[in-house]
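A closer look at the structure
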Amino acid sequence: QVQLVESGGGSVPAGGSLKLSCAASGRTFSRSSMAWFRQAPGKEREFVGWVNRPGGNTYYADSVKGRFTISRDNAKNTVFLQMNNLKPEDTAVYYCAARGLDYLNRNEYAYDYWGQGTQVTVSS
(Lines give C-alpha, C1' and ligand atoms only; values in the text may rest on other atoms or scores of the structure.)
Protein backbone atom coordinates (compact mmCIF):
# COMPACT_ATOMS: atom_id res chain seq x y z
CA GLN A 1 0.00 0.00 0.00
CA VAL A 2 1.11 3.58 -0.66
CA GLN A 3 0.26 6.67 1.35
CA LEU A 4 0.67 9.98 -0.47
CA VAL A 5 1.01 13.48 0.98
CA GLU A 6 1.18 16.55 -1.27
CA SER A 7 2.76 19.84 -0.30
CA GLY A 8 3.95 23.06 -1.90
CA GLY A 9 0.69 24.63 -2.92
CA GLY A 10 0.00 28.31 -2.42
CA SER A 11 -1.04 31.57 -4.02
CA VAL A 12 0.99 33.19 -6.79
CA PRO A 13 0.39 35.87 -9.41
CA ALA A 14 0.01 34.93 -13.05
CA GLY A 15 3.40 34.15 -14.56
CA GLY A 16 4.73 32.82 -11.29
CA SER A 17 6.04 29.38 -10.39
CA LEU A 18 5.37 26.73 -7.80
CA LYS A 19 6.86 23.32 -7.15
CA LEU A 20 4.59 20.68 -5.68
CA SER A 21 5.90 17.64 -3.89
CA CYS A 22 4.23 14.33 -3.21
CA ALA A 23 5.87 12.23 -0.54
CA ALA A 24 5.06 8.54 -0.52
CA SER A 25 5.33 6.06 2.28
CA GLY A 26 5.39 2.34 1.74
CA ARG A 27 7.75 0.03 -0.06
CA THR A 28 6.01 0.07 -3.39
CA PHE A 29 6.70 3.65 -4.50
CA SER A 30 9.46 2.66 -6.90
CA ARG A 31 7.13 0.07 -8.41
CA SER A 32 4.38 2.64 -9.02
CA SER A 33 3.88 4.96 -11.92
CA MET A 34 2.72 8.35 -10.71
CA ALA A 35 0.37 11.00 -12.00
CA TRP A 36 -0.82 14.46 -11.13
CA PHE A 37 -4.46 15.48 -11.46
CA ARG A 38 -6.25 18.69 -10.61
CA GLN A 39 -9.78 19.76 -9.84
CA ALA A 40 -11.04 23.31 -10.16
CA PRO A 41 -14.21 24.46 -8.39
CA GLY A 42 -17.30 23.18 -10.14
CA LYS A 43 -15.30 21.08 -12.57
CA GLU A 44 -14.38 17.44 -12.88
CA ARG A 45 -10.94 16.23 -11.90
CA GLU A 46 -8.60 16.32 -14.88
CA PHE A 47 -5.31 14.69 -15.79
CA VAL A 48 -2.21 16.90 -15.64
CA GLY A 49 0.74 14.61 -16.21
CA TRP A 50 2.32 11.19 -15.65
CA VAL A 51 5.75 9.71 -15.01
CA ASN A 52 6.81 6.10 -15.30
CA ARG A 53 8.52 4.08 -12.58
CA PRO A 54 12.13 4.92 -13.37
CA GLY A 55 11.26 8.53 -14.13
CA GLY A 56 12.55 8.58 -17.68
CA ASN A 57 9.21 8.86 -19.44
CA THR A 58 6.67 11.60 -18.90
CA TYR A 59 3.44 12.71 -20.53
CA TYR A 60 1.49 15.93 -20.13
CA ALA A 61 -1.93 17.29 -20.85
CA ASP A 62 -1.90 19.78 -23.71
CA SER A 63 -2.99 22.56 -21.36
CA VAL A 64 0.23 22.33 -19.34
CA LYS A 65 2.74 21.05 -21.88
CA GLY A 66 5.83 23.24 -21.99
CA ARG A 67 5.02 24.85 -18.63
CA PHE A 68 4.86 21.93 -16.19
CA THR A 69 7.51 19.29 -15.52
CA ILE A 70 7.14 16.06 -13.58
CA SER A 71 10.11 14.37 -11.96
CA ARG A 72 10.66 11.79 -9.28
CA ASP A 73 13.32 10.78 -6.80
CA ASN A 74 12.86 7.11 -6.01
CA ALA A 75 15.55 7.23 -3.33
CA LYS A 76 13.43 9.81 -1.48
CA ASN A 77 10.04 8.33 -2.40
CA THR A 78 8.96 11.68 -3.81
CA VAL A 79 7.43 12.91 -7.04
CA PHE A 80 7.48 16.58 -8.03
CA LEU A 81 5.46 18.88 -10.23
CA GLN A 82 7.33 22.01 -11.29
CA MET A 83 4.83 24.57 -12.55
CA ASN A 84 6.08 27.61 -14.44
CA ASN A 85 4.31 30.48 -16.16
CA LEU A 86 1.19 29.80 -14.15
CA LYS A 87 -2.15 31.07 -15.41
CA PRO A 88 -5.38 31.81 -13.53
CA GLU A 89 -6.93 28.77 -15.21
CA ASP A 90 -4.37 26.60 -13.39
CA THR A 91 -6.15 27.38 -10.13
CA ALA A 92 -7.26 24.06 -8.64
CA VAL A 93 -6.63 21.49 -5.98
CA TYR A 94 -3.75 19.32 -7.20
CA TYR A 95 -3.59 15.62 -6.38
CA CYS A 96 -0.91 13.03 -6.88
CA ALA A 97 -1.89 9.45 -7.57
CA ALA A 98 -0.17 6.09 -7.87
CA ARG A 99 -0.81 2.88 -9.73
CA GLY A 100 1.12 -0.36 -10.01
CA LEU A 101 1.05 -0.63 -13.80
CA ASP A 102 3.85 1.15 -15.61
CA TYR A 103 2.12 2.55 -18.65
CA LEU A 104 0.25 5.78 -19.20
CA ASN A 105 -3.37 6.05 -18.23
CA ARG A 106 -5.09 9.43 -18.08
CA ASN A 107 -8.23 8.11 -16.42
CA GLU A 108 -8.44 8.85 -12.71
CA TYR A 109 -10.19 5.54 -12.06
CA ALA A 110 -7.04 3.70 -13.11
CA TYR A 111 -5.19 4.94 -10.02
CA ASP A 112 -5.25 3.06 -6.74
CA TYR A 113 -3.82 5.56 -4.29
CA TRP A 114 -4.41 9.28 -3.86
CA GLY A 115 -3.13 12.10 -1.74
CA GLN A 116 -5.35 14.59 0.03
CA GLY A 117 -4.59 17.41 -2.41
CA THR A 118 -2.93 20.80 -2.19
CA GLN A 119 -4.49 24.10 -3.25
CA VAL A 120 -2.91 26.19 -5.99
CA THR A 121 -4.35 29.65 -6.60
CA VAL A 122 -3.14 31.88 -9.43
CA SER A 123 -4.31 35.48 -9.45
CA SER A 124 -4.58 37.59 -12.59
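Above this note sits the structure.
Residues numbered from 1 in each chain as written. Predicted model: local features only at pLDDT ≥ 70, side-chain atom pairs only at ≥ 80, totals over all residues. Heavy atoms only, no water.

Remarks on the pattern of salt bridges
- Under the defined criterion, the tally for this structure stands at five salt bridges.
- Of the charged contacts in the structure, one is a salt bridge between Arg45 and Glu108, with a shortest N-O distance of 3.1 Å. Note that Arg45 is positioned in the loop between strand 4 (33-39) and strand 5 (46-51) and Glu108 in the loop between strand 9 (92-99) and strand 10 (113-114), a separation of 63 residues in sequence.
- Between Asp90 and Arg67 there is a salt bridge, with the nearest N and O atoms lying 2.7 Å from each other. Here Asp90 is found in the loop between strand 8 (78-83) and strand 9, whereas its partner Arg67 is found in the loop between strand 6 (58-60) and strand 7 (68-73), with 23 residues between them in sequence. Across the pair, Arg67 and Asp90 agree in class, each one buried.
- One salt-bridge network, held together by shared partners, links Arg38, Glu46, Arg67 and Asp90. (Salt bridge = Lys/Arg side-chain N within 4 Å of Asp/Glu carboxyl O. Helix = DSSP H or I, 4+ residues; strand = E, 2+ residues; numbered from the N terminus. Buried < 20%, exposed > 50% of the residue type's maximum accessible area, 1.4 Å probe, protein only.)

Remarks on the packing of aromatic side chains
- Scanning the model with the defined rule gives six aromatic pairs in all.
- By the ring-pair criterion, three or more aromatic residues cluster together here, those being Phe37, Phe47, Tyr59, Tyr95, Tyr111 and Trp114.
- Here Lys19 stacks its cationic end above the ring of Phe80, 4.6 Å away from the centre of that ring.
- Across from the ring centre of Tyr59, 5.9 Å away, lies the NZ or CZ of Lys65, which sits over that ring. (Phe/Tyr/Trp six-rings, centres within 6.5 Å; stacked < 30°, edge-to-face > 60°. Lys NZ or Arg CZ within 6 Å of the ring centre and 35° of its normal.)

A closer look at the nonpolar core
- One finds Trp36, Leu81, Met83 and Tyr94 to be the most contacted residues of the largest nonpolar core, which totals 35 residues.
- Those elements that provide at least two residues to this core are strand 3 (18-25), strand 4, strand 5, strand 7, strand 8, strand 9 and strand 11 (118-123).
- A total of five residues in this core trace back to one element, the largest contributor, which is strand 9.
- When residues no more than four places from it in sequence are discounted, the contact partners of Tyr94 are Glu6, Leu20, Trp36, Phe37, Arg38, Val48, Phe68, Leu81, Met83, Gly117, Thr118 and Val120. (Core = buried A, V, L, I, M, F, W, Y, C linked by side-chain atoms within 4.5 Å. Contact = heavy atoms within 4.5 Å.)

What about the pairing of strand 5?
- The buried fraction of strand 5 amounts to five of the six residues, a majority that puts the element mostly inside the structure.
- Alignment of strand 4 against strand 5, held across five bridges, turns out to be antiparallel. Paired with Arg38 across the strands is Glu46, a residue of strand 5.
- The loop that links strand 4 with its antiparallel partner strand 5 comprises six residues; one of these, Gly42, has a positive phi angle of about 75°. (Pairing = 2+ DSSP bridges.)

So, the side chain of Arg67
- For Arg67, a relative accessible area of 9% gives the class buried.
- When sequence neighbours within four positions are dropped, the list of residues in contact with Arg67 reads Gln82, Met83, Asn84, Asn85, Leu86, Lys87 and Asp90.

Digging into the sheet that holds strand 1 (residues 3-7)
- As summarised here, the arrangement of the four strands in space is 1-3-8-7, forming an open sheet in which the pairing is antiparallel. In the strand order of this sheet, the two ends are held by strand 1 and strand 7, each with one partner. The average undirected angle you get between the axes of adjacent strands in this sheet is 15°.
- Sheet topology note: the strand 1/strand 3 ladder contains five bridges and is antiparallel. Bridge assignment links Val5 to a residue of strand 3, and that residue is Ala23. (Axes fitted to C-alpha atoms, helices over the stretch in contact; angles between N-to-C directions.)

Everything listed is a geometric property; what it means functionally is a separate question.
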